[in-house]
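Observations on the three-dimensional arrangement
Here is how the chains run, residue by residue.
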Amino acid sequence: MKTIYALFVALFVVSASFAEVSDLEKNSLIQFNQFTNGSNWTNKWDTTKPVATWFGVRVINDKVVSIDLADNNLSGELPSCISNLKNLRTLNLFHNAITGEIPNAIGDLKSLEHLNLSFNKLSGAIPQAICKATALKSVELFLNQLSGPIPSDINNLQKLEVLSLYNNELTGQIPASLYQLKSLKVLQLNSNKLTGNLSRDISNLASLESLSLFDNQLIGQVPFDIENLGKLKEMNISYNSFNGIVSEKLAKKDMLNLTMVNQFGVASVMKVDSDKNKAIVSEE
């Protein structure tokens, strides 16, 4: 009986070692490899071997669940066939040379939790379709050449904890829907071309720990409602065109002491009033 059991276990281990992802997923990965110039990658794939052995690819139960090819000399564009990886939870392509636009197909990845396409050469708008990937917990697209507005349906990503879009060329106002992301912990929109006011609804971001709006073109009164963000540990909203009076407590939260730039390009520190109640009256 022990011999039969040992034989069964051995057969199971052998069969598991030869387990393979579906042809659809494998072919999609091969196409992804071709589109991003896999022959020039730092760590290349040997497509004659099982997918589970390919660098940066994680397979669980014959399903591709993670692609981590950070700093691997990828170039070219992202193909739409990536949407065939239905069980993908993590896509990390940080610090490569990927060009073109983010494909709408990203929105078809319903299991995707972590998306990092930062430090590439991506251009065009952030696709509205990304808001269909409702399992997302982190979206990191910083240090690219992305333009246009922040997607207006961003509130669909109710599990989102990190939104990092800094150092792009994003324009328009911060969408009202963004203030509905109650799980958001990190919001980094600095060094873009965002305009308009910062809404008092920012106080709805109850989980927010880090806020960076540095170096944009935001105007109007700095909402004192930011003080209601009890979990906020760090903030930088300087080098915008905010005006009016701020409380001492709020000024102390800002890394650059709320230094603003006027219409003439002159930088100055906002006026601080230690009497918070008086400052709130001036806001109204």
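Parameters and conventions
Residues numbered from 1 in each chain as written. Predicted model: local features only at pLDDT ≥ 70, side-chain atom pairs only at ≥ 80, totals over all residues. Heavy atoms only, no water. Pairing = 2+ DSSP bridges. Helix = DSSP H or I, 4+ residues; strand = E, 2+ residues; numbered from the N terminus. Axes fitted to C-alpha atoms, helices over the stretch in contact; angles between N-to-C directions. Contact = heavy atoms within 4.5 Å. Buried < 20%, exposed > 50% of the residue type's maximum accessible area, 1.4 Å probe, protein only.

1. Overview of the sheet that holds strand S14 (residues 210–212)
One open sheet accounts for 9 strands, arranged S1-S2-S4-S6-S8-S10-S12-S14-S16; its pairing is mixed. Two strands bound the open sheet, and with one partner strand each, they are strand S1 (57–60) and strand S16 (234–236). Averaged over neighbouring strand pairs, the angle between their axes works out to 15° when direction is ignored. By the bridge criterion, 3 bridges tie strand S12 (residues 186–188) to S14 in an arrangement that is parallel. Paired with Gln-188 across the two strands is Ser-212, which belongs to S14.

2. Let's talk about the environment of Phe-32
Topologically, Phe-32 is positioned in helix H2 (residues 23–35). For Phe-32, the residues in contact, after removing those within four places along its chain, are Trp-41, Trp-45, Leu-69, Leu-74, Leu-78, Pro-79, Cys-81 and Leu-93.

3. What about the environment of Val-266?
Among the structural elements, Val-266 can be located in the loop between strand S19 (259–261) and strand S20 (267–269). Residue Val-266 is classed as partly exposed on the basis of its relative accessible area of 45%. With residues up to four places along the chain from it excluded, the contact list for Val-266 reads Met-260 and Val-261.

4. Some words on the pairing of strand S2 (residues 63–68)
Here 4 bridges tie S1 to S2, and the two strands are oriented antiparallel to one another. When the bridges of S2 are listed, Arg-58 appears paired with Ser-66. The turn linking S1 back onto S2 is made up of 2 residues, and Asn-61 within it adopts a positive phi angle of 50°. Pairing between S2 and strand S4 (residues 90–92): 3 bridges, direction parallel. Across the sheet, the residue bridging to Asp-68 is Asn-92, located in S4.

5. Overview of unusual backbone geometry
Even without glycine at this site, Asp-71 takes up a positive phi of about 55°. The residue Asp-71 is located in the loop between S2 and strand S3 (75–77) in this model. Phi is positive for Leu-258, which is not a glycine, with a value near 60°. Structurally, Leu-258 is set in the loop between helix H3 (248–253) and S19.

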